[in-house]
Amino acid sequence: MTKEDIEKKISAYPIFEYAFLDPSEINFYQAVRTICELECPQYGKSWSCPPAVGTLEECKQRCLSYDHGFIFSTISEVSDILNMDEMLATRCEHLEIVEEIKNNVFGAYDDKLILTAESCAICETCAYPDASCKHQDKMYPCVESHAISVTDICEQHNLSFLNGYNVITWFGMVFF
């Protein structure tokens, strides 16, 4: 599959922006992982977050084992950016798009890694660490769980990160 094939297929989806990247150009930051540990309530409680996703070095090696990377964003407008419930409700739309892109754009690749925004919320209570993930085919680790700074990639590829006061920008990454 060529870059042009992917671009043709991706045009069928409400993608705001996208970029192709070489995984070797990604910087992996311990500081991102530290923020997860100190500030995220999902740390240690989800299969999509550290420490369940592996060490920083394991995550880095996992990403670098792929030849290509693709980052994309979707946007959603909300009436009040401070309303966390409204903001997080827009994430479902993003995840539906991620799932469709996984199947319809990158479906030809048997081996791919999907990272997306926020911790997985498929189950009301994650089985971690007591049992295996019940939805391994739809559970995508968050980008930050792999110590990747989305803002860093946005700056490198001229992608928008902040798109207005009441606009939520969600990101997804596909390594293939």
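Coordinates for the structure precede this section.
Throughout, a residue's number is its position along its own chain's written sequence, starting from 1. Owing to the predicted nature of the model, reporting of local features is limited to residues with pLDDT of at least 70; listing and counting of side-chain atom pairs is limited to 80 or more, with chain, interface and lining totals taken over all residues. Hydrogens and water are ignored here; the side-chain numbers use all heavy atoms of the structure.

1. Quick notes on the side chain of serine 119
Then, in step 1: In this description a helix means any DSSP run of H or I spanning at least four residues, a strand means any run of E spanning at least two, and both kinds are numbered starting from the N terminus. Mapped onto the secondary structure, serine 119 falls in the loop between strand 3 (113-116) and helix 5 (150-156).
Then, in step 2: Using a 1.4 Å probe on the protein chains alone, a residue whose accessible area is under 20% of its type maximum counts as buried, one over 50% counts as exposed, and one in between counts as partly exposed. In this structure serine 119 comes out as buried when scored by relative accessible area, which is 11%.
Then, in step 3: Polar side-chain contacts of serine 119 include one of 3.4 Å to the side chain of glutamine 42. Identification of polar contacts relies on pairs of N or O atoms within 3.5 Å, with a donor-acceptor requirement for protein atoms, meaning one able to donate a hydrogen and the other able to accept it, and with residues adjacent in sequence counted only if both atoms are side-chain atoms.

2. Details of the nonpolar core
Then, in step 1: In terms of nonpolar packing, the biggest core is built from 20 residues, with Ile26, Ile71, Leu115, Ile148, Met173 and Phe175 touching the most fellow members.
Then, in step 2: Contacts between residues were defined by any pair of non-hydrogen atoms, one from each residue, lying within 4.5 Å. With sequence-adjacent residues up to four places away left out, methionine 173 is seen in contact with Leu21, Ile26, Phe70, Ile71, Phe72, Leu113, Ile114, Leu115, Val143, Ile148 and Ile153.
Then, in step 3: Only buried residues count toward a nonpolar core, which is a set of Ala, Val, Leu, Ile, Met, Phe, Trp, Tyr and Cys residues joined through side-chain atoms within 4.5 Å. The next biggest cluster of nonpolar side chains, apart from the first, holds 17 residues, and it includes Tyr13, Phe70, Phe106 and Ile114.

3. Quick notes on the packing of aromatic side chains
Then, in step 1: Between rings of Phe, Tyr and Trp, where Trp is taken as its six-membered ring, a pair exists when centres lie within 6.5 Å; planes separated by under 30 degrees are stacked, by over 60 edge-to-face, and by other angles tilted. Taken as a whole, this structure holds eleven aromatic pairs when the rule is applied.
Then, in step 2: Summarising the aromatic geometry, the rings of tyrosine 18 and phenylalanine 20 are spaced 6.1 Å apart at their centres and angled 90° between planes, so their arrangement reads as edge-to-face.
Then, in step 3: Its relative accessible area of 31% is what places tyrosine 18 among the partly exposed residues.
Then, in step 4: Judged by centre distance (5.8 Å) and plane angle (15°), the rings of phenylalanine 161 and phenylalanine 171 are stacked. Here phenylalanine 171 lies in strand 4 (residues 167-175) and phenylalanine 161 lies in the loop between helix 5 and strand 4, a separation of ten residues in the sequence.
Then, in step 5: Taken together, Tyr18, Phe20, Phe70, Phe72, Phe106, Tyr109 and Phe176 form an aromatic cluster joined through their ring pairs.

4. Brief notes about helix 2 (residues 30-39)
An α-helix turns once every 3.6 residues. As a result, residues three or four positions apart point the same way.
Then, in step 1: What helix 2 keeps buried is the set Val32, Arg33 and Cys36. Each buried residue of helix 2 lies within a common arc of 100° when the element is viewed along its axis, so the set occupies one face. The exposed residues of helix 2 that point more than 90 degrees off its buried face are Leu38 and Glu39.
Then, in step 2: Buried residues belonging to helix 2 abut helix 3 (56-64). Directions from the helix axis toward the C-beta atoms define the arc.

5. Quick look at the pairing of strand 2 (residues 69-77)
Within a regular beta strand, the side chains point alternately toward one face of the sheet and then the other, so they alternate between its two faces.
Then, in step 1: Most of strand 2 is tucked away: seven of the nine residues are buried.
Then, in step 2: For strand 1 (residues 17-21) and strand 2, the ladder comprises five bridges, and the chain directions are antiparallel. Within strand 2, the residue paired with glutamate 17 across the bridge is serine 73.
Then, in step 3: Paired strands are those between which DSSP finds at least two bridges. As paired strands, strand 2 and strand 4 are joined by nine bridges and run antiparallel to one another.

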